[in-house]
Amino acid sequence: MIPVCRLEDLPEGESVRVPTVPPIAVFHTEGGELYAIDDTCTHQDASLSEGWLEGCLVECPLHAASFDLRTGEPACLPARRPVRTHRVTVEDGVVHVHLGAEEGTAA
């Protein structure tokens, strides 16, 4: 579990890049949902945290490939491969990311 930031410091409609290896992007949608995906577009090396957020889709700033934040699946070309998703929780007002490899393990 990786602490990212205080929830109040991540406004709705914004994102933050977490400098892990590989980097992770955490998004706070206009609807108040939190999602985390690997930050690098699978089409070319671009930071998705710098992309445009619309609903549950993020558009890559380089070539306009879009990814569904819920599944990581590409929503349009030129991306063909999904990005990895990560579980997000909020504890005591702090946003945490649970790395994909940790999913399904006992706490």
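Note that this is a predicted model, so its numbers are computed, not measured. (Residues numbered from 1 in each chain as written. Predicted model: local features only at pLDDT ≥ 70, side-chain atom pairs only at ≥ 80, totals over all residues. Heavy atoms only, no water.)

Help me out: how do you make sense of the overall build of the protein chain in this one?
Looking only at helices and strands, the protein chain features zero helices and nine strands. Taking 107 residues into account, the globule formula puts the C-alpha radius of gyration at 13 Å, and the protein chain, at 13 Å, falls close to it. Considering only C-alpha atoms, the protein chain reaches an extent of 40 × 30 × 20 Å along its principal axes. Expressed as a percentage of the 107 residues in the protein chain, the buried residues total 39%. Side chains of the protein chain carry 7 positive and 18 negative charges; the gap between the two charge centres is 8 Å. (Helix = DSSP H or I, 4+ residues; strand = E, 2+ residues; numbered from the N terminus. Rg over C-alpha atoms; globule rule 2.2 N^0.38 Å. Buried < 20%, exposed > 50% of the residue type's maximum accessible area, 1.4 Å probe, protein only. Lys, Arg positive; Asp, Glu negative; His and termini not counted. Charge placed at Lys NZ, Arg CZ, Asp CG, Glu CD.)

Can you help me understand the sheet that holds strand E7 (residues 66-68) in this one?
Strand pairs in the sheet, formed through backbone hydrogen bonds, run parallel or antiparallel to each other. Here three strands make up an open sheet; going across it, the order is E5-E6-E7 and the pairing antiparallel. Where the open sheet ends on each side, the last strands, each with one partner, are strand E5 (52-54) and E7. Geometrically, the sheet is characterised by an average inter-axis angle of 25° between neighbouring strands, direction not taken into account. Bridge analysis of E5 against strand E6 (residues 57-59) gives three bridges, and the strand direction is antiparallel. Note that in E6 the partner of Leu53 across the bridge is Val58. (Pairing = 2+ DSSP bridges. Axes fitted to C-alpha atoms, helices over the stretch in contact; angles between N-to-C directions.)

I would appreciate a short explanation of the sheet that holds strand E4 (residues 34-38) in the present structure.
The six strands lie next to each other as E1-E9-E8-E4-E3-E2, forming an open sheet whose pairing is antiparallel. Single-partner strands in this sheet number two, and they are strand E1 (2-6) and strand E2 (14-18). In this sheet, adjacent strand axes meet at a mean angle of 30° when their direction is disregarded. Sheet analysis places E2 next to strand E3 (residues 24-28), joined by five bridges and oriented antiparallel. Opposite Arg17, over in E3, you have Ala25 as the bridge partner.

What exactly am I supposed to notice about the environment of Thr85 here?
With respect to the helices and strands, Thr85 occurs in strand E8 (residues 85-91). A sequence separation of 59 residues divides Thr85 from Val26, and the C-alpha atoms of the two residues are 10.0 Å apart.

Please explain the nonpolar core as it appears in this structure.
Within the largest apolar cluster, 15 residues are counted, with the highest numbers of intra-cluster contacts made by Phe27, Ile37, Cys41, Leu48 and Phe67. Going through the elements one at a time, E3 and E4 are the ones with two or more residues in this core. Those residues in contact with Cys41, other than ones at most four positions away along the chain, are Ala46, Leu48, Cys60, Ala65 and Phe67. Within the second largest apolar cluster, 10 residues are counted, among which are Cys5, Ile24, Val88 and Val97. (Core = buried A, V, L, I, M, F, W, Y, C linked by side-chain atoms within 4.5 Å. Contact = heavy atoms within 4.5 Å.)

Sorry if this is basic, but what is going on with the UniProt feature "domain: Rieske" (unreviewed entry) in the protein chain here?
Under the local residue numbering, the UniProt record ascribes the feature "domain: Rieske" (unreviewed entry) to residues 2-97. With 0% helix and 42% strand, residues 2-97 has its two end C-alpha atoms placed 5 Å apart. (UniProt positions renumbered as here; feature names shortened; annotations may be inferred.)

I keep staring at the pattern of salt bridges and nothing clicks. Help me out?
Opposite charge on two side chains permits pairing when their charged atoms draw close. Per the stated rule, a full pass over the model turns up four salt bridges. With its nearest N and O atoms 2.9 Å apart, the salt bridge here joins Asp39 to Arg17. With Asp39 in the loop between E4 and E5 and Arg17 in strand E2, the pair connects residues that are 22 residues apart, well separated along the chain. A salt bridge links Arg70 to Asp68; the shortest N-O distance between them is 2.9 Å. On the basis of relative accessible area, Asp68 is assigned to the buried category, the value being 14%. (Salt bridge = Lys/Arg side-chain N within 4 Å of Asp/Glu carboxyl O.)

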